[in-house]
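Observations on chain architecture
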Amino acid sequence: MFGPDCRCVVVVGAQWGDEGKGKIVDVLSEWADLVIRYQGGANAGHTVVKGGDEFILHQIPTGILHPNPRCVVGNGVVLDPERFLEEVGELEERGVAVGERLFISDRAHLLLPYHKLLEQAAERRQRIGTTGRGIGPAYEDKFGRRGLRVADLRNLEQAAERVRSGVARANELLESMGAEERVDVDEQLALLGRLAPTLLRRAVDTGRLAVDALRAGERVLLEGAQGALLDVDHGTYPYVTSSNTTAGAAAVGAGIGPREIDAVLGVVKAYTTRVGNGPLPTEASEADASELRSLGGEYGATTGRPRRCGWFDAVVARYAARINGLTHLAVTKLDVLDPISTLPVCVGYRVDGEQLDEIPADAERFDRVEPVYETMEGWCRSTGSARRLADLPREARVYLERIESLVAAPISYVSVGSARDQLISVD
């Protein structure tokens, strides 16, 4: 799909996450020499089916499942070091040759056990719908200029002072929130002392690595987590994640200049899902949502929570196309809609007597919008064996053409199943 002049591609979610980015990045990793995760943390769950086996990747870039690409956890990620090393071990046990081709940015911030306790305590009070993996508190420490980075592990005595300060602060906050848990500073320091040598062996200057690769004519793939509507600036605030998930964050989180990026591929499901609280204008009736959930296996890859399900929202996808500057679109899980005879597509909103063609910034107002639907005819035939657009039923092609028109971004990929080869590449 990408020509010889296209060296650096960003893959982003264009809904509320869980769009199937893992499969798309997995396919593109055959094209890439270097794959970089640029934001988020262990709250991600990128699912890939390889040879009939399912892999769920939380922090390690999806490209690791291919033998050739070098893979990097970028500086924009908050790294859970204990879980990261467990994930490496799990992959190697399952026959994935991680070896010396997996790197960590020495500027990536560390997520420590007390960050998880803080997020879990806060979630019990706020009910935002977080994963409880400590992502928010870790980013708070980063932007509060009290975080600990991978590079800091080169001086453990100095790092220990920052950890002691972080533990004291965490215990004060836990007490103020009425939580029973407390953090043992010696346990935190022992953990870092144990993990530091292994982490530092993989530490690199991510930006330098990426720029050197591009100057050498190599191809770089930048992998995002979550989705555009969970972006801390552009999403349904406060029901968002704690990082910038959009394409603009890819350059920052990988350590390169924005002019290095040649293309932005947005991934959407053929319908809409969301985990946790917050607006979801096209949420289906319980009966329809249950059917979509069952057909699509819609349970969180990280939390196991059932996803809220609804119809395709072109207002959301068009907004995501604008704020990400999408040059290409991938539509996933088209096959989930195979048995459904009538398919509503949201083309606009109404709220307080006003017609809207953009999402409101105010989450409370957004939560009150009424979707304006077009009804499209389903195809009621299997699409799982299609490998070309021409193989799809006419109604499925019309559905995709309407999505392409509404979102104003050309469709380059259509996924019709979980297996690697169940993908249509649109030339």
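What this report covers is the structure whose coordinates are included nearby. Bear in mind the structure is a predicted one, so any value in this text is a computation, not a measurement.

Calculation criteria
- Residues numbered from 1 in each chain as written.
- Predicted model: local features only at pLDDT ≥ 70, side-chain atom pairs only at ≥ 80, totals over all residues.
- Heavy atoms only, no water.
- Helix = DSSP H or I, 4+ residues; strand = E, 2+ residues; numbered from the N terminus.
- Rg over C-alpha atoms; globule rule 2.2 N^0.38 Å.
- Buried < 20%, exposed > 50% of the residue type's maximum accessible area, 1.4 Å probe, protein only.
- Areas by Shrake-Rupley, 256 points an atom, 1.4 Å probe, with all protein chains shown as cover.
- Lys, Arg positive; Asp, Glu negative; His and termini not counted.
- Charge placed at Lys NZ, Arg CZ, Asp CG, Glu CD.
- Pairing = 2+ DSSP bridges.
- 1 Å grid on protein atoms, 1.4 Å probe; cavity = no way out; pocket = protein on both sides within 12 Å on 5 of 7 lines; lining within 4 Å.
- Points joined across faces, edges and corners; volume = space filled by probe spheres on them.
- Nonpolar A, V, L, I, M, F, W, Y, C, P; charged D, E, K, R; others polar.
- Axes fitted to C-alpha atoms, helices over the stretch in contact; angles between N-to-C directions.
- Parallel < 35°, antiparallel > 145°, perpendicular 65-115°, else oblique.
- Left-handed = near helix turned anticlockwise from the far one by under 90°.
- Contact = heavy atoms within 4.5 Å.

Scanning the protein from terminus to terminus reveals 12 helices and 20 strands. The globule rule puts the C-alpha radius of gyration for 427 residues at 22 Å, and the 21 Å found for the protein is close to it. Viewed in the frame of its principal axes, the protein has a C-alpha envelope of about 65 × 50 × 40 Å. Among the 427 residues that make up the protein, the fraction classed as buried is 58%. Entry remark: accessible area of the protein is about 17,400 Å², with carbon and sulfur atoms responsible for 45%. Of the side chains in the protein, 50 bear a positive and 63 a negative charge, and the two mean positions are spaced by 2 Å.

Moving on: the pairing of strand 19 (residues 411-415). Burial of strand 19 is extensive: five of the five residues sit out of reach of the surface. Sheet topology places strand 15 (residues 328-332) next to strand 19; three bridges connect them, and they run parallel. Note on strand 19: the bridge partner recorded for Leu329 is Ile411. Across three bridges, strand 19 lies against strand 20 (residues 423-425) in antiparallel orientation. Among the inter-strand pairings, Val414 is bridged to a residue of strand 20, identified as Ile424.

What follows is about the layout of surface pockets. In this structure, the second largest pocket spans a volume of roughly 190 Å³. Taken together, 13 residues make up the lining of the second largest pocket; nearest its centre are Gly76, Lys142, Phe143, Asn244 and Val252. Only helix 4 (135-143) and helix 8 (248-254) provide two or more residues apiece to the lining of the second largest pocket. Class assignment of the residues belonging to the lining of the second largest pocket gives a composition of five nonpolar, seven polar and one charged.

Turning our eyes to something else, we now look at the packing of helix 3 (residues 113-126) against helix 5 (residues 156-176). Across the interface, helix 3 lies against helix 5 with an axial gap of 10 Å and an inter-helix angle of 20°. Here helix 3 is positioned roughly parallel relative to helix 5, judged by the angle of their axes. Seen along the crossing, helix 3 lies across helix 5 with a hand that is left-handed. When helix 3 is examined against helix 5, the residues Tyr114, Leu117, Leu118, Ala121 and Arg125 are found in contact with a partner set consisting of Gly166, Val167, Ala170, Leu173, Leu174 and Ser176. Among the residues making up the contact of helix 3 with helix 5, the classes are represented as eight nonpolar, two polar and one charged.

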